Amino acid sequence: MRKRFVAFGVLVIAFLIGYKIFAPNERPQRIRIATGGESGVYYAYGNALADILERRMNIPVVTIQSGGSVDNIRILRSGRADIAFAQNDIMAYAHEGINIFSTEGGFKDFSAAVCLYPEACQIVARRDIAGIPDLKGRRVSLGDEGSGTELNALQILGAYGISYADVDVDHLSFGASVTAFREGKIDAFFCTAGVPTPAISELSADGEVRLLNIGDAHARTLIRQYPYYSRQIIPSGVYPGMDEEAETVAVKASLAVSDKLSPQVVADLLKILFESRAEIAKISAEAALLNDKSALDGMSIPMHPGAEKYFFDR
Ligand code: GLU
């Protein structure tokens, strides 16, 4: 009896060791990446990355379209994605369960893998709108439902003493904003994304838009209140038809990863990402901005052990 009990115990331990070594997440059967709306940078970058990962890791890699950062973190939280594109400010709010995530509470089971590129808070407006204060009473898209853009829009308007009630609010994706703008249905839209953003390039060529400035004093107020912002200049000529530079603030586009992904998988993924910068940049120019230093600059939540392995134990 005792022998059988010991044998059973040995079996259980062997099973547990085996399970740990060959745990399902050690080498996932597939990888799911939450991206964004079709005319954003996350979508293009994410799909290019997915194709390369699929080829190099030899497992299916699928992408999920979404409203943006807030949606993506929720998708990650619900277990429907393994990797998510997200702004570093939104990742921090989700991790701490504050701000837009205060009712859901903190979500700790995810980490940062890498910071990819700066995302400028771009406020695209009709030429007759001279500045942010003039947005009062106008029809403005603050960003898609579930976007990080919307939160940035509210914080920026807030810095100017403008609230939701002062503008005629719309929630449109970048692509839908371009269409609505051309049809005269909106006067301005917010777009937190890598520069140049394809949707803005497309629209600026019409010659009817400008980017509104966030001047010195307001940028300082914002940065003091929300530490994930930094200042950014959008040089003239980045967008066809826009010949003035614009001053604004920026956050960092990052890859958030589920803690269920093993350190080895995350380290492999980062190696492939870095090796494929030039290839991804053919589809999404922002990939060329990735380097060892900027990858760690602006990380707003703890780093995944696989990222530590990749960045520090090479
Ligand atoms: N940063 C944007 C957001 O979360 C999305 C940017 C993009 O799709 O490229 O709202």
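Structure: see above.
This write-up is about the structure you can find in this document. Source: prediction; values computed, not measured. (Residues numbered from 1 in each chain as written. Predicted model: local features only at pLDDT ≥ 70, side-chain atom pairs only at ≥ 80, totals over all residues. Heavy atoms only, no water.)

## Focus on the overall build of the protein
What counts, and what does not: Each helix is a run of DSSP H or I of at least 4 residues and each strand a run of E of at least 2, with the numbering of both proceeding from the N terminus. It is over C-alpha atoms that the radius of gyration is taken, and the globule rule equals 2.2 Å times the number of residues to the power 0.38. We call a residue buried when its accessible area falls under 20% of the maximum for its residue type, exposed when it is over 50%, and partly exposed in between, using a 1.4 Å probe and counting protein chains only. A contact between two residues is defined here by any heavy atoms of the two lying within 4.5 Å. Methods summary: accessible areas were calculated by the Shrake-Rupley approach with a probe of 1.4 Å, and residue burial reflects only the protein chains presented. Within this scheme the basic residues Lys and Arg register as positive and the acidic residues Asp and Glu register as negative, but His and the chain ends are omitted. Charge coordinates come from a single atom per side chain, which is NZ of Lys, CZ of Arg, CG of Asp or CD of Glu.
Within the protein one finds eleven helices and ten strands. Over its C-alpha atoms the protein spans a radius of gyration of 22 Å, differing by no more than 12% from the 20 Å that the globule rule assigns to 314 residues. With the C-alpha coordinates of the protein rotated into their principal frame, the extents come out at 90 × 40 × 35 Å. Looking at the protein as a whole, 50% of its 314 residues qualify as buried. Within the protein, contacts between residues separated by at least 24 positions form 75% of all contacts whose residues are at least 6 apart in sequence. Accessible surface, the protein as shown: approximately 14,300 Å² in total, 54% of it carbon and sulfur. Treating the 32 positive side-chain charges of the protein as one cloud and the 38 negative ones as another, the clouds have centres 10 Å apart.

## Here's the deal with the site of the ligand
Going by this rule: Working definition: residue near molecule or strand if any one of its non-hydrogen atoms lies within 4 Å of it. For this analysis, a polar contact is any N or O atom pair within 3.5 Å, provided that within protein one partner can donate a hydrogen and the other can accept it, and provided that sequence-adjacent residues contribute only side-chain to side-chain pairs. Under the grouping applied here, Gly and all other residues not named as nonpolar or charged are polar, the nonpolar ones being Ala, Val, Leu, Ile, Met, Phe, Trp, Tyr, Cys and Pro and the charged ones Asp, Glu, Lys and Arg.
Every residue near the ligand is listed here: Gly40, Val41, Tyr42, Gly68, Ser69, Gln87, Glu119, Ser147, Gly148, Thr149, Phe174 and Thr192. Measuring from an oxygen atom of the ligand, one finds a backbone N or O atom of Tyr42 at 2.9 Å. In the environment of the ligand, an oxygen atom lies 2.9 Å from a nitrogen or oxygen atom belonging to the side chain of Thr149. Looking at the shell around the ligand, its residues break down into three nonpolar, eight polar and one charged.

## Considerations on the environment of Lys185
Relative to the helices and strands, Lys185 resides in the loop between helix H6 (174–182) and strand S7 (188–193). For Lys185, a relative accessible area of 48% gives the class partly exposed. Each C-alpha atom, one on Lys185 and one on Val140, is 9.1 Å from the other, the two residues being 45 residues apart in sequence. With residues up to four places along the chain from it excluded, the contact list for Lys185 reads Arg139 and Ala180. Only 2.8 Å separates the side chain of Lys185 from the side chain of Glu183, close enough to count as a polar contact.

## Structural notes on the pattern of salt bridges
The condition that has to hold: A side-chain nitrogen of Lys or Arg and a carboxyl oxygen of Asp or Glu constitute a salt bridge if their distance falls within 4 Å.
Tallied over the entire structure, the rule returns 18 salt bridges. With its nearest N and O atoms 3.1 Å apart, the salt bridge here joins Arg182 to Glu202. Residue Arg182 is found in helix H6, and its partner Glu202 is found in helix H7 (residues 198–204); the two are separated by 20 residues along the sequence. One connected set of salt bridges, linked through shared partners, spans Arg126, Asp128, Arg138 and Asp187.

## Describing the pairing of strand S4 (residues 110–126)
The test is simple: By this definition, two strands are paired if DSSP reports at least two bridges between them.
Of all the 17 residues making up S4, 16 are buried; the element is thus mostly covered by neighbouring parts of the structure. Here nine bridges tie S4 to strand S10 (residues 246–258), and the two strands are oriented antiparallel to one another. Looking across to S10, one finds that Phe110 is bridged to Ser258. One ladder, built from six bridges, connects S4 with S7; its direction is antiparallel. Bridge pairing links Ile123 to Phe190 in S7.

## Considerations on the packing of helix H4 (residues 88–96) against helix H5 (residues 148–159)
Relative placement of two packed helices is described by the angle separating their axes and the distance separating the axes. Here is the rule we go by: The convention used is that axes are lines fitted to C-alpha atoms, helices contributing only their stretch in contact, and that angles between N-to-C directions extend from 0 to 180 degrees. An angle below 35 degrees is read as roughly parallel, one above 145 as roughly antiparallel, one from 65 to 115 as roughly perpendicular, and any other as oblique.
Running from N to C, H4 and H5 cross one another at 95°; their axes reach a closest spacing of 10 Å. As judged from the angle between their axes, H4 and H5 are roughly perpendicular. Contacts from Asp89, Ile90 and Tyr93 in H4 reach Gly148, Leu151, Asn152 and Gln155 in H5.

## Concerning the nonpolar core
Condition: Residues belong to one nonpolar core when they are buried, are Ala, Val, Leu, Ile, Met, Phe, Trp, Tyr or Cys, and are joined through side-chain atoms within 4.5 Å.
Membership of the largest hydrophobic core comes to 59 residues, with the highest contact counts inside it found for Tyr45, Val114, Leu116, Leu255, Leu270, Leu273 and Phe311. In terms of residues, this core owes the most to one element, helix H2 (residues 41–57), which gives nine residues. Setting aside residues no more than four positions away along its own chain, Leu255 makes contact with Leu49, Ile83, Ala84, Phe85, Met91, Ser111, Ala112, Ala113, Val114, Leu116 and Leu273. Judged by nonpolar contacts, the second largest core, of 44 residues, contains Ile73, Ala112, Val167 and Leu222.

## Considering the side chain of Gln87
When you line up the elements, Gln87 lands in strand S3 (residues 83–87). A distance of 3.0 Å separates a polar atom in the side chain of Gln87 from a polar atom in the side chain of Asp89. Here Asn152 takes part through its side chain, which lies 3.0 Å from a polar atom of the side chain of Gln87. When neighbours within four sequence positions are excluded, Gln87 is seen to be in contact with Tyr42, Ser69, Glu119, Gly148, Thr149, Asn152, Thr192, Val251 and Lys252.

## Remarks on helix H11 (residues 305–312)
We apply this condition: Think of it as the arc spanned by the lines of direction from the helix axis to the C-beta atoms.
Residues of H11 that are buried include every one of Gly306, Ala307, Tyr310 and Phe311, and no others. Seen along its axis, H11 keeps its buried residues to an arc of 120°; they face one direction. Buried residues along H11 sit in contact with S4 and helix H9 (263–275).

Note that all results are geometric; they support no functional claim without further evidence.
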